[in-house]
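Chain residues, written in single-letter form:
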Amino acid sequence: DTAVSQTPKYLVTQMGNDKSIKCEQNLGHDTMYWYKQDSKKFLKIMFSYNNKELIINETVPNRFSPKSPDKAHLNLHINSLELGDSAVYFCASSQARANTEAFFGQGTRLTVV
Amino acid sequence: KQEVTQIPAALSVPEGENLVLNCSFTDSAIYNLQWFRQDPGKGLTSLLLIQSSQREQTSGRLNASLDKSSGRSTLYIAASQPGDSATYLCAVRREGTYKYIFGTGTRLKVLA
């Protein structure tokens, strides 16, 4: 049973389109994240939500809008896609308290053409 | 600002060797440090979590140590196998934040 699941796994779309990536966790965690992995494989945090509240926004363009309908879901909507948005996007979850592991989804490979 | 560096960036070893991967971080005010592996085209798999108060953690052939004061962690892999080939990432969670900051990764290849 997958702990953190993202859909879709692959997304190919044209510049200017709007797309969404969905994420769900079944671990009962109260904190969820979106990370972006660039072509050099470096992972950088984009957003974090704790109990459905936005707590981290790492100067991501406002074309990216996360939405957390409940603690188990954190979706990422991207407007007006650009070539530079091509990357792998990872969803993750953890508990807010300090002594817990973070768990990651399998990633969504977004290709903008 | 927390920066996390991993050395070496890439490593190729023959099967059976014991090896050490290094992770260093600039700000010692951390809650914990977590080691992950990432297989090509796949997600991140958690390997070990070390709390800031701990010195080491072990899981099977893996042993991770933490020296918080000097800003260093090592991941020791005993008797390496071709199946250990992957990219290994360390991540630190800063005190007072929810954020996990990742290192640059070590790409490991174990040759049969």
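Here we summarise the structure given alongside this text. (Residues numbered from 1 in each chain as written. Chains lettered and ligands numbered in written order. Predicted model: local features only at pLDDT ≥ 70, side-chain atom pairs only at ≥ 80, totals over all residues. Heavy atoms only, no water.)

### Focus: the state of the cysteines
When the sulfur atoms of two cysteines share a covalent bond, that bond is a disulfide. Taken as a whole and assessed by the stated rule, the structure comprises two disulfides over all chains. Note that Cys-23 of chain A is cross-linked by a disulfide to Cys-91 of chain A, the S-S spacing being 1.8 Å. On the sign convention where negative means left-handed, the S-S torsion of about -80 degrees between Cys-23 of chain A and Cys-91 of chain A marks this disulfide as left-handed. In this pair, Cys-23 of chain A sits in strand E3 (residues 19-25) while Cys-91 of chain A sits in strand E9 (residues 87-94), placing the two residues 68 residues apart along the sequence. Taken individually, Cys-23 of chain A and Cys-91 of chain A each receive the classification buried, so the pair is uniform in this respect. In this model Cys-23 of chain B forms its disulfide with Cys-90 of chain B; the gap between the sulfur atoms is 2.0 Å. Residues Cys-23 of chain B and Cys-90 of chain B share a disulfide whose torsion about the S-S bond is about 80 degrees; that sign makes it right-handed. On the criterion of sequence distance, the pair formed by Cys-23 of chain B in strand E3 (residues 19-25) and Cys-90 of chain B in strand E9 (residues 86-94) is long-range, its members being 67 residues apart. (Disulfide = S-S within 2.5 Å. Helix = DSSP H or I, 4+ residues; strand = E, 2+ residues; numbered from the N terminus. Buried < 20%, exposed > 50% of the residue type's maximum accessible area, 1.4 Å probe, protein only.)

### Considering unusual backbone geometry
The amide bond that connects Thr-7 of chain A to the next residue, Pro-8 of chain A, takes the cis arrangement and shows omega of -5 degrees. Within the secondary structure, Pro-8 of chain A sits in the loop between strand E1 (4-7) and strand E2 (10-13). Here Ile-7 of chain B and Pro-8 of chain B are connected by a cis peptide whose omega angle stands at 0 degrees. Along the chain, Pro-8 of chain B turns up in the loop between strand E1 (4-7) and strand E2 (10-14). Backbone geometry at Lys-52 of chain A places phi at a positive 70 degrees, although glycine is not the residue there. Mapped onto the secondary structure, Lys-52 of chain A falls in the loop between strand E5 (43-50) and strand E6 (53-57). Of the residues examined, Lys-52 of chain A reaches a relative accessible area of 43% and is grouped as partly exposed.

### Structural notes on the sheet that holds E1 of chain A
By way of backbone hydrogen bonds, the strands of a sheet pair with one another, either parallel or antiparallel. All names here are of chain A. Read across the open sheet, the four strands follow the order E1-E3-E8-E7; overall the sheet is antiparallel. If you trace the sheet from one side to the other, it starts and ends with E1 and strand E7 (64-70), each paired once. When the angles between neighbouring strand axes are averaged without regard to direction, this sheet yields 20 degrees. Across four bridges, the pairing between E3 and strand E8 (residues 73-78) is antiparallel. Looking at the pairing, Ser-20 lines up with His-77 of E8. (Pairing = 2+ DSSP bridges. Axes fitted to C-alpha atoms, helices over the stretch in contact; angles between N-to-C directions.)

### Some remarks on the interface of chain B and chain A
Tallying the contact residues gives 20 residues for chain B and 26 residues for chain A. When the two sides are added together, the surface that chain B and chain A hide from each other amounts to roughly 1800 Å², 57% of it contributed by carbon and sulfur. For chain B, the biggest contributors to the area lost against chain A are Tyr-98, Tyr-100 and Phe-102 of chain B; these three give 33% of the whole. For the pair chain B and chain A, the interface holds one salt bridge. Across the pair Lys-99 of chain B and Glu-58 of chain A runs a salt bridge, and its minimum N-O distance is 3.0 Å. If you look at where chain B meets chain A, you find nine residue pairs in polar contact (both at pLDDT 80 or more). (Contact = heavy atoms within 4.5 Å. Buried area = accessible area lost by both parts, 1.4 Å probe. Salt bridge = Lys/Arg side-chain N within 4 Å of Asp/Glu carboxyl O. Polar contact = N/O pair within 3.5 Å; in protein donor to acceptor, adjacent residues only side chain to side chain.)

### So, the pairing of E1 of chain A
Residue and element names in this part refer to chain A. Covered by surrounding structure in E1 are Val-4 and Gln-6 only, the residues Ser-5 and Thr-7 on the alternate face being uncovered. Strand direction decides the pairing type here: E1 and E3, joined by four bridges, are antiparallel. Considered in E3, the bridge of Val-4 is made with Gln-25.

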